[in-house]
Amino acid sequence: MNKKESFLQNRIKSVGYAFKGALLLLRTEASIKIQFVIALLVTVAGFLFEISSTEWVIQILTIALVMSIEGLNTAIEEIANFIHPEHHKKIGLIKDISAGAVFFAAVFGVIIGCIIYFPKLV
């Protein structure tokens, strides 16, 4: 009989799987790579422009939101492709809706970036 793993051991494994997934996204998905570079650039900009603590929180949450939704979009696309590999109208609709969620997050992320940085540039 196998000894049941502890709660802590399960959490450590879960974090490992999550880290593996994040690295997989960064290695394989062009859109995540682009968003990661943008995240690095706005982080550098945050230090250069000495943004406030509140602006840092908003900026970090925005980065997390956009990249997380992009990851979910990728997962949805992978599931859709697995379920129905050939082109299908309904699968296309599902993928478009998922991409639309990323679009919303990205557009509002740009707006937030403008709110934070435009006054500092002018």
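The residue count restarts for each chain, going from 1 along the sequence in the order it is written. Given that the model is predicted, a residue must reach a pLDDT of at least 70 before its local features are reported, and side-chain atom pairs must reach 80 or more before they are shown or counted; all residues, however, enter totals for whole chains, interfaces and linings. By convention in this description, side-chain values take in all heavy atoms of the structure and omit both hydrogens and water.

Q: Now, about the UniProt feature "transmembrane region" (unreviewed entry) in the protein chain: what can you tell me, with residues and values included?
A: UniProt feature "transmembrane region" (unreviewed entry): in the numbering of this structure it lies at residues 30–50 and 97–118. Across residues 30–50 one finds 90% helix and 0% strand; the C-alpha atoms that close the span lie 30 Å apart. Starting at the N terminus, helices and strands are each numbered in turn, a helix being any DSSP run of H or I of at least four residues and a strand any DSSP run of E of at least two. Regarding residues 97–118, the helix share stands at 100% and the strand share at 0%, and the terminal C-alpha atoms are separated by 31 Å. UniProt positions are given in the numbering used here, feature names are shortened, and annotations may be inferred rather than shown by experiment.

Q: An account of the pattern of salt bridges is needed here, citing residue identities and associated values.
A: Pairs may arise between side chains of opposite charge once their charged atoms sit close together. Only one rule defines a salt bridge in this text: a Lys or Arg side-chain nitrogen within 4 Å of an Asp or Glu carboxyl oxygen. Enumeration over the complete set of coordinates arrives at 1 salt bridge. Here E55 ties to K120 by a salt bridge, and the two come within 3.1 Å at their closest N and O atoms. Of this pair, E55 sits in helix α3 (residues 53–83) while K120 sits in helix α4 (residues 89–121), and the two are 65 residues apart along the sequence. Categorising residues by exposure relies on relative accessible area from a 1.4 Å probe, with only protein chains included: less than 20% of the type maximum marks a residue as buried, more than 50% marks it as exposed, and the intermediate range marks it as partly exposed. Take E55: its relative accessible area is 18%, and that puts it in the buried class.

Q: Summarise unusual backbone geometry; cite the residues concerned and give the values.
A: Of note, the phi angle at E50 is positive, near 50 degrees, even though the residue is not glycine. Considering the arrangement of structural elements, one finds E50 in the loop between α2 (30–48) and α3. With relative accessibility at 70%, the residue E50 sits in the exposed group.

Q: Got a sec to walk through the layout of surface pockets? Specific residues and values, please.
A: There is about 410 Å³ of room inside the largest pocket. The method works on a 1 Å grid over the protein atoms by themselves. A cavity is a set of points holding a 1.4 Å probe that cannot get out, a pocket is an open set with protein on both sides within 12 Å along at least five of seven lines, and residues with an atom within 4 Å of a point line them. Taken together, 18 residues line the largest pocket, and the ones lying closest to its centre are I38, V42, T62, G109 and V110. Broken down by secondary-structure element, the contributors of at least two residues to the lining of the largest pocket are α2, α3 and α4. Its residues placed into classes, the lining of the largest pocket shows 12 nonpolar, 5 polar and 1 charged. Grid points are joined across faces, edges and corners, and a volume is the space filled by probe spheres set on the points. Residues are grouped as follows: Ala, Val, Leu, Ile, Met, Phe, Trp, Tyr, Cys and Pro are nonpolar; Asp, Glu, Lys and Arg are charged; all remaining types, including Gly, are polar.

Q: Let's hear about the side chain of Q59: which residues, and what values?
A: Relative to the helices and strands, Q59 resides in helix α3. Take Q59: its relative accessible area is 5%, and that puts it in the buried class. Polar contacts here mean pairs of N or O atoms no more than 3.5 Å apart (in protein, one a potential hydrogen donor and the other a potential acceptor; neighbouring residues in sequence count only if both atoms are side-chain atoms). In terms of polar contacts, Q59 uses its side chain to reach the backbone carbonyl oxygen of V42, at 3.0 Å. We call two residues in contact when some of their heavy atoms are within 4.5 Å. With residues up to four places along the chain from it excluded, the contact list for Q59 reads V42, T43, I51, I116 and Y117.

Q: I'd like a rundown of the nonpolar core, residues and numbers included.
A: Counting residues in hydrophobic clusters, the biggest one holds 5 residues: A45, I51, W56, I116 and Y117. Beyond its immediate stretch of four places on either side in the chain, W56 contacts T43, G46, F47 and I51. Throughout this description, the term nonpolar core refers to a set of buried Ala, Val, Leu, Ile, Met, Phe, Trp, Tyr and Cys residues connected via side-chain atoms within 4.5 Å.

Q: Report on the environment of V44, specifying residues and quantitative values.
A: Along the polypeptide, V44 turns up in helix α2. Relative accessible area serves as the criterion here: at 48%, V44 is assigned to the partly exposed category. The sequence separation of V44 and I112 amounts to 68 residues, and the corresponding C-alpha distance is 16 Å.

Q: How would you sum up the side chain of Q35? Please name residues and give values.
A: Within the secondary structure, Q35 is located in helix α2. If near-sequence neighbours (up to four positions away) are discounted, Q35 is found in contact with V66, M67, E70 and V102.

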